[in-house]
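Survey of secondary and tertiary structure
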Amino acid sequence: MPASPLAPNASTIRDPLDSPLWPSLAERHLGGRPALFDDRVAVMLPPVTEDQTQVPVTVDARPLGAVDELLVIADLNPFPLTLRLRPGAAQPFVGLRMKIEQGTPIRAAARCGDLWHVGGRYLDAAGGGCSVPPVIEKTVDWKNLGALRARAWREEEGVRLRLRMTHPLDNGMIANVPLFIVETLRVSDASGRLLAEVSLSEAVADNPTLTLILDRTGSDALILAARNSAGSDFRARLPIPAPGPAARAGSQPESP
Amino acid sequence: MRAADLLPAGATRRRCLALGLGAAAAILPAASRAAPRRYALEPVPVAEGAWTIYGAAEPITAQNGGAIANVSILDTREGAVLIDAGPSHRYGEALEALARSLTGKPVAHVFLTHLHADHSLGASAFAPETVWAGAGLRSDLKRFGNDLASGMYRVAGDWMRGTGVPAPAREAREGVEEVGERRFRLLRLAGHTAEDLCLFEERSGLLFAGDLVFLDRAPTTPDADLPRWRAALDTLAGIGHGRLVPGHGPTEAGRRGIDQTLAWLDMIDGRIASGFEQGLDVTETMALPLPGWTEGVAVARYEYARSVMHLLPRIEGERLPLLDA
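Since the model is a prediction, treat every value here as computed from it, not as a measurement.

So, about the overall build of chain B. A count of helical and extended segments in chain B gives eight helices and 13 strands. Every one of the 325 residues in chain B was classed for burial, and the buried ones make up 50%. Counting contacts in chain B only where the partners sit at least 6 residues apart, residues at least 24 apart contribute 68% of the total.

Okay, here's the thing in structure tokens:
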């Protein structure tokens, strides 16, 4: 899947998804800087939308090298800008779960200096992730609000971080449920140096679940700090395991 | 019957649908969307006085109208007995007419195996007093039936017209139900969903396994509990059945369906757990290669991807280490 930078037509200024909303979204979110559609920004989506309140999306712009910021934008969502990653010392990569109101292009825009590189794919969906109450009554785990689950893997290119926070992402569009979201997540090393900062919008799914890849670090721990829209802070320390050889061998027995 | 019994039946039906819709489109392009859809049900004999209508080995679409599950008809002195009722009111009506023409009698009993729409919603075409379901299924239909039907209207569209939520008036309990000359042993199991009803008809030796068994079509897991599913398959393997009618796929003697379903559950379980251990997110775990034997299983990659969406988030919620605040 990694597109060769030399492939013909890998970059274009014409929106390959032909979305009527894209020009205004670009104007609103790309700060007046020029944008290029670029296959090196990959958006991975499921083959079918199983649950419109929890759509898994992975964005991978690592073929671009270092990136200043990475946006995830869903053209036809009530809150199109879904997430912003500032990878201070991290790879331009993020896995997330989001809500989908209807079928929509899902974009990722990676800024290198003054130029945006934009990739994306169309996600088909039947409607109802944002403004329609979930099919099965949502239960919020208030007792564990802000609980952080996380694990780190030391890999060749850096530290892979997966985390899940117990917290609703109420977007304020459902009657009698006020806005209540996690707004930011900051990942630092043990000395307090900021490695990555993620801003989440109303469109991120409940119990935000993220995958990030941080640059290689000598630090033996990560500090995770989240803040929600009520101004509450949540912090936790995650030890990074020592480098091990068997980390990603991934062999398993096969059934006949 | 071998797989060949399924394929021609499915292929013929799909061809009929394609022809019917294509012809309508050629004459009345504007009206073709609203043209009434007709299910062309093709009964295949599976024992004396017993037939199965095989579902297409596909996902539910606006083309197949949700007719993807197997539905069976048994003749008895007291009338026709149906195992499952298909996806829609219209399917239920076609099934009623077919049962009447095959057996010369009205439908006496409809047994629903589980909640999923492709098996249950067609029961809305039958009088509630003829429809049987386990206690769990009866209450789940009350709770989730509307959402289930709404989802089907979105995906299958006009095929669903007139479909309501079935309200089975008869409770299917563990034990034997005698219907005319037939003896149905009812087993209330679980694992594919919260409650899966299986029926073993002692006279014919037919085992109707519902969606606890899939054959040559990948199992679905939106409501699955894998340990309970494996235990249910063990129970089925011990019955000593003759031929087994799975929820999806061909009817066969022996336990190939049971074994293939077990192997599939082990395969997805292993892959998804391995994805989690490697730190992969959902779409990355979906991209893991599948073993070669799954090439013979219809919609394997599609159902594997769905299963990753069902199961990996559960594992994350349980197994990602909880950090101290």
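Below, the discussion takes up the overall build of chain A. Helix and strand content of chain A: one helix and 16 strands. A burial count over chain A gives 43% of its 256 residues as buried.

Moving on, we come to the sheet that holds strand β10 (residues 148-154) of chain A. Residue and element names in this part refer to chain A. One open sheet holds the six strands; their spatial order is β3-β4-β7-β14-β11-β10, and the pairing between them is antiparallel. Taken across any chain shown, the strands that pair with only one partner, and hence form the sheet edges, are β3 (42-44) and β10. Geometrically, the sheet is characterised by an average inter-axis angle of 15 degrees between neighbouring strands, direction not taken into account. Strand direction decides the pairing type here: strand β7 (residues 90-98) and strand β14 (residues 209-215), joined by three bridges, are antiparallel. Each bridged residue has a counterpart across the sheet, and for valine 94 the counterpart in β14 is leucine 212.

So, about the interface of chain A and chain B. The partner chain B presents 30 residues to the 35 residues of chain A that form the contact. When contributions to the side of chain A that touches chain B are tallied by element, the ones reaching two or more residues are β4 (55-60), β10, β11 (158-165), β14 and β16 (233-239) of chain A. Of the residues in the side of chain A that touches chain B, the class split is 16 nonpolar, eight polar and eleven charged.

This paragraph deals with the nonpolar core. Counting residues in each nonpolar core, the largest one holds 90 residues, and the members touching the most others are Leu82, Val110, Leu112 and Cys198 of chain B. Leave out the neighbours within four places in its chain, and cysteine 198 of chain B touches Leu187, Leu189, Leu207, Phe208, Ala209, Gly210, Leu212 and Leu236 of chain B. Val43, Val59, Val72 and Leu210 of chain A belong to the second largest nonpolar core, which has 60 residues in total.

Cut-offs applied
- Residues numbered from 1 in each chain as written.
- Chains lettered and ligands numbered in written order.
- Predicted model: local features only at pLDDT ≥ 70, side-chain atom pairs only at ≥ 80, totals over all residues.
- Helix = DSSP H or I, 4+ residues; strand = E, 2+ residues; numbered from the N terminus.
- Buried ≥ 20, exposed ≤ 12 C-beta atoms within 10 Å, placed from the backbone.
- Contact = placed C-beta atoms within 7 Å.
- Pairing = 2+ DSSP bridges.
- Axes fitted to C-alpha atoms, helices over the stretch in contact; angles between N-to-C directions.
- Nonpolar A, V, L, I, M, F, W, Y, C, P; charged D, E, K, R; others polar.
- Core = buried A, V, L, I, M, F, W, Y, C linked by C-beta atoms within 7 Å.

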